[in-house]
Amino acid sequence: MDYVGQIIRPPSEANSIILQVTVGCSHNKCTFCGAYKEKRFSIKDDATVDADIQFASQYCRKQHKVFLADGDALILPFPRLIRIFKRIKQDMPWVRRVSLYGSARSIRSKTSEQLSVLKELGLDRVYLGLESGSDTILSKVNKGETAQSMIQAAQHIKQAGLFLSVTVLLGLAEVAGSENHAIETGKVLSKMMPNQIAALTLMVLENTELGKAYSRGEFQIPHAYEMLSELKVLVEHIDTSAQFHANHASNYLPIMGRLPRDKEKILALIHEAQSGARQLVPEGLRRL
Ligand code: SF4
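Not measured: the values here are computed from a predicted model.

**Student:** How should the overall build of the chain be read in this particular structure?
**Tutor:** When you go through the chain residue by residue, the secondary structure sums to 10 helices and 10 strands. For the chain, the C-alpha radius of gyration of 19 Å lies close to 19 Å, the compact-globule estimate for 288 residues. If you line up the chain on its principal axes, its C-alpha atoms span 55 × 45 × 35 Å. Relative to its 288 residues, the chain shows a buried fraction of 53%. In the chain, once contacts between residues fewer than 6 apart in sequence are set aside, the share between residues at least 24 apart is 77%. Surface summary for the chain: the accessible area is close to 13,200 Å², and the carbon and sulfur share equals 51%.

Okay, structure coming up:
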């Protein structure tokens, strides 16, 4: 397979065939994100993608899911997406589900009809990074979106009948803004009504704007117990039905459950960890 640079995929796509159709992220300006810093955004040519599909059709016959990388594959022009989805269907008829990362901008770039056509051709799951429901934080981290534009993008995906997974980032608002970040994020998630919510915990990377601010002493990372308090407030303010995952390698306390059914259990688990009755993931074992 033709892979340019480091390939990043959601944890739930661990067993998927990773088909890299774009290189990098078309936005690439979020201050905390180092994922695609070394990559200039580009769209891979048809011949390269076709060769990868051909390879996968021969050697990946036991994998039933495809993940289209990189950071924002939904930004591809609609005819290019149609071509890729048709090739996957034709050459790998055993594939049951295709997923990709979609920014709010790339979601907006497709009409409801276009999203429905992609769903018919196999698109099942869209991963969207909200990061925060606070407009102040979204602006500070240069996300290029507002809470309202994120809610609209989510509704667009849900109306097309697609599965929506939304990622949020604990720690983005330092300690001073932590509670407000958690409350606003919980409220916005409740309006987005995603099928799945993934809470990650900030790890500051040297190659990012945030990393540079941190080394100048201009950004304070909340410590583990402050992150737990933020997580607790976030869970308290989520008022929608969704699968909740805070079991990413960056998290101090692995949690997974169904909201609202498991809300009390999750809050009790956080309380146990806060009181020291449950061990946290050691700093050295956290990863992105
Ligand atoms: S967080 Fe997402 S949108 Fe922002 S730069 Fe990274 S990949 Fe691009």
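Once the structure has been displayed, the description carries forward.
**Student:** Help me out: how do you make sense of the side chain of Asp50 in this one?
**Tutor:** Checked against the element boundaries, Asp50 lands in helix α1 (residues 46-59). Those residues in contact with Asp50 that lie beyond four places of it in its chain are Arg83 and Arg87.

**Student:** Please clarify how the pattern of salt bridges should be interpreted in this entry.
**Tutor:** Pairs may arise between side chains of opposite charge once their charged atoms sit close together. Considering all chains together, one arrives at 18 salt bridges under this definition. Here Arg108 ties to Glu145 by a salt bridge, and the two come within 2.9 Å at their closest N and O atoms. Here the residue Arg108 occupies a position in helix α3 (residues 104-108), and Glu145 occupies one in the loop between α5 (135-140) and α6 (147-159), the gap between them amounting to 37 residues. Judged by relative accessible area, Glu145 falls into the buried class, the value being 13%. A salt bridge links Arg286 to Glu283; the nearest nitrogen and oxygen atoms lie 2.6 Å apart. Exposure remark for Glu283: the relative accessible area of 48% places this residue in the partly exposed category. Each member of the salt-bridge network shares a partner with another, and the members are Asp46, Asp50, Arg80, Arg83, Arg87 and Asp91.

**Student:** Would you take a moment to explain the sheet that holds strand β9 (residues 242-245) for this structure?
**Tutor:** One key point about sheets: their strands pair by backbone hydrogen bonds, in either a parallel or an antiparallel sense. The strand order across the open sheet formed by 8 strands is β1-β4-β5-β6-β7-β8-β9-β10, and the pairing between neighbours is mixed. Two strands close off the open sheet at either side, each with one partner strand: β1 (17-20) and β10 (256-259). On average, each strand axis in the sheet is tilted by 25 degrees relative to the strand beside it, whichever way the strands run. In terms of strand pairing, strand β7 (residues 163-170) meets strand β8 (residues 196-201) through 6 bridges, oriented parallel. Bridging from a neighbouring strand, Val166 pairs with Ile197 of β8.

**Student:** Would you take a moment to explain the pairing of β1 for this structure?
**Tutor:** Two faces, one strand: in a regular strand the side chains alternate between the faces of the sheet. The side-chain alternation of β1 yields two buried faces, one formed by Ile17 and Leu19 and the other by Ile18 and Gln20. Where β1 meets strand β4 (residues 65-69), 4 bridges bridge the pair, whose relative direction is parallel. The partner of Gln20 across the bridge, within β4, is Ala69.

**Student:** Please explain the environment of Leu118 as it appears in this structure.
**Tutor:** Inspection of the secondary structure assignment puts Leu118 in helix α4 (residues 112-120). Look at Leu118 and you get buried, because its relative accessible area is 0%. Between the alpha carbons of Leu118 and Leu81 there is a distance of 7.9 Å; along the sequence they are 37 residues apart. Discounting chain neighbours no more than four positions away, the residues touching Leu118 are Leu74, Phe78, Leu81, Ile82, Phe85 and Leu123.

**Student:** Sorry if this is basic, but what is going on with the packing of aromatic side chains here?
**Tutor:** The geometry of two aromatic rings is summed up by the distance between their centres and the angle between their planes. Throughout the structure, instances matching the rule amount to 4 aromatic pairs. With a centroid separation of 4.7 Å and 40 degrees between ring planes, the pair formed by Phe55 and Tyr59 is classed as tilted. Taken together, the residues Phe55 and Tyr59, both in helix α1 and 4 residues apart, mark about one turn of the helix. Since its relative accessible area comes to 57%, Tyr59 is described here as exposed. Ring centres of Phe67 and Tyr127 lie 6.1 Å apart, and the angle between their planes is 70 degrees; this geometry places the pair in the edge-to-face category. Placement of the pair is Phe67 in strand β4 and Tyr127 in strand β6 (residues 123-131), with a sequence separation of 60 residues. Look at Phe67 and you get buried, because its relative accessible area is 0%. Stacked on the ring of Phe163, the Lys or Arg Arg125 has its end atom at 3.8 Å from the ring centre. Above the plane of the ring of Tyr252 lies Arg286, whose end atom (NZ or CZ) is 4.1 Å from the centre.

The rules we used
Sequence order as written defines residue numbering, which begins from 1 separately in each chain. A pLDDT threshold of at least 70 governs which residues receive local features in this predicted model, and a stricter bar of 80 or more applies before side-chain atom pairs are shown or counted, although totals over entire chains, interfaces and linings include all residues. As a rule here, side-chain values cover all heavy atoms of the structure and leave hydrogens and water aside. Going along the chain from the N terminus, every DSSP run of H or I of four or more residues is numbered as a helix, and every run of E of two or more is numbered as a strand. In this treatment the radius of gyration is a C-alpha quantity, and the globule benchmark scales as 2.2 Å times the residue count to the 0.38 power. Exposure categories follow from relative accessible area, calculated using a 1.4 Å probe and restricted to protein chains: below 20% of the type maximum is buried, above 50% is exposed, and the middle band is partly exposed. Any two residues whose heavy atoms approach within 4.5 Å are treated as being in contact. Residue exposure ignores everything except the shown protein chains as possible cover, and the areas themselves are Shrake-Rupley values with a 1.4 Å probe. Salt bridge criterion: a side-chain nitrogen from Lys or Arg within 4 Å of a carboxyl oxygen from Asp or Glu. Pairs of strands are assigned from DSSP output, requiring at least two bridges between the strands. Angles here are taken between N-to-C directions and fall from 0 to 180 degrees, while the axes themselves are lines fitted to C-alpha atoms, restricted in helices to the stretch in contact. Each Phe, Tyr or Trp ring (for Trp, its six-membered ring) is paired with any other whose centre lies within 6.5 Å, and the angle between the two planes then decides the class: stacked below 30 degrees, edge-to-face above 60, tilted in between. Criterion for a charge above a ring: Lys NZ or Arg CZ within 6 Å of the ring centre, and within 35 degrees of the ring normal.

Read these as layout, nothing more, since geometry by itself doesn't imply function.
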